[in-house]
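Per-entry structural report
The primary structure of each chain is shown beneath.
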Amino acid sequence: SGGAVRDFSFALGKKIRLPELKAKGKSYLLHIVPLAGVAIHQQSFTMIDGYQTIPAKGAFPNLHNSYDTNWKSLWLGAEGLLNVNDKLTLVGTGEYHFADYTAEANWNLRNDLAHPVSFKHTAKGRSKVASVGAIYRLNQHTLLNTALGYQSWHANGGTDQTFFANGTSGNYRLNNVWWSAWTLTVGGVYQF
C-alpha cells in the first residue's frame, strides 16, 4: 500500500488582547483569535503487490487498486497565544469542521465492476482539529515554531454508488468513514 496526502486550510480572524495575567510576580500577555475558515484535505491511497495468506493463494498479479478521498469543509475555531516572555509564546488552537466527504475508487481486478471508476462515496461529515505549540524568537527577524496536533474526521449516513461492468449502477448505504492523524510540525519564519 502507499499514498499521498494534501492539505490546505485558510482562515480569517481578529486578534483580541485579554487582560494581563499575573502570577508569582510576573505578567503574561494573553491573546485570543476567533477564526472562520475553509479547508480541503485529500488522500490518495493505492494497493499493489497484494498477497493472500488465508487461505494461502499467493500473490495477486497486476493489483493496482486506488481510493481517492476529498474532505471539503467550512470551519470555526479559536487560537490562544500566551506570551511567556519577550522570546517565548505558547500557542493552542481548536477547530470544528463541517465537511462534505467524497471519494472515488478503482478496484482494478474486479471484472464485475466498471473501470477506472468502480464506485463513488458521498457523505456529510464533522471534524475536530487541535494543536499545541510554541514560537521562539531568535532575534528581531527570525522565529522558530513547533506544534503537536491531532485531527479526527468522521462521516456517516452517505451513499455508495457502485458502477458495474455492464453499464448499470446501484446506490447503497455508506457506513461510517473515519480518518484521524497526529501531526508534528517544525518551522521557521524570517520577517523582513
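Before any of the text, the structure's been laid out above.
In short, a report on the structure. Note that the structure is predicted; figures quoted are calculated from it, not measured. (Residues numbered from 1 in each chain as written. Predicted model: local features only at pLDDT ≥ 70, side-chain atom pairs only at ≥ 80, totals over all residues. Heavy atoms only, no water.)

With that out of the way, let us pick up the pattern of salt bridges. For the structure on display, the rule yields five salt bridges. With a closest N to O distance of 4.0 Å, Glu 20 and Lys 22 form a salt bridge. With relative accessibility at 41%, the residue Glu 20 sits in the partly exposed group. Using a relative accessible area of 65% as the deciding quantity, one classes Lys 22 as exposed. Connected through shared salt-bridge partners, Arg 17, Glu 20 and Lys 22 make up one network. (Salt bridge = Lys/Arg side-chain N within 4 Å of Asp/Glu carboxyl O. Buried < 20%, exposed > 50% of the residue type's maximum accessible area, 1.4 Å probe, protein only.)

The final tally for this structure, using the stated rule, is nine aromatic pairs. With centroids separated by 6.2 Å and ring planes inclined at 45 degrees, the aromatic side chains of Tyr 67 and Phe 119 adopt a geometry described as tilted. Placement of the pair is Tyr 67 in strand 6 (residues 64–83) and Phe 119 in strand 8 (residues 119–137), with a sequence separation of 52 residues. As far as the burial class goes, Tyr 67 and Phe 119 line up, both buried. Measuring from ring centre to ring centre gives 5.2 Å for Tyr 96 and Phe 98, while their planes differ by 75 degrees; the resulting arrangement is edge-to-face. The class for Tyr 96 is partly exposed, based on a relative accessible area of 32%. On the basis of relative accessible area, Phe 98 is assigned to the partly exposed category, the value being 39%. These aromatic residues form a ring-pair network of at least three members: Trp 71, Tyr 101, Trp 153 and Trp 179. (Phe/Tyr/Trp six-rings, centres within 6.5 Å; stacked < 30°, edge-to-face > 60°. Helix = DSSP H or I, 4+ residues; strand = E, 2+ residues; numbered from the N terminus.)

Attention shifts here to the environment of Gly 94. Looking at the element boundaries, Gly 94 is found in strand 7 (residues 88–106). For Gly 94, a relative accessible area of 27% corresponds to the partly exposed category. Between the C-alpha atom of Gly 94 and that of Lys 24, which follows or precedes it by 70 residues, the distance is 28 Å. Leaving out residues up to four positions away in the same chain, Gly 94 has contacts with Leu 76, Gly 77, Ala 78, Val 129 and Ala 130. (Contact = heavy atoms within 4.5 Å.)

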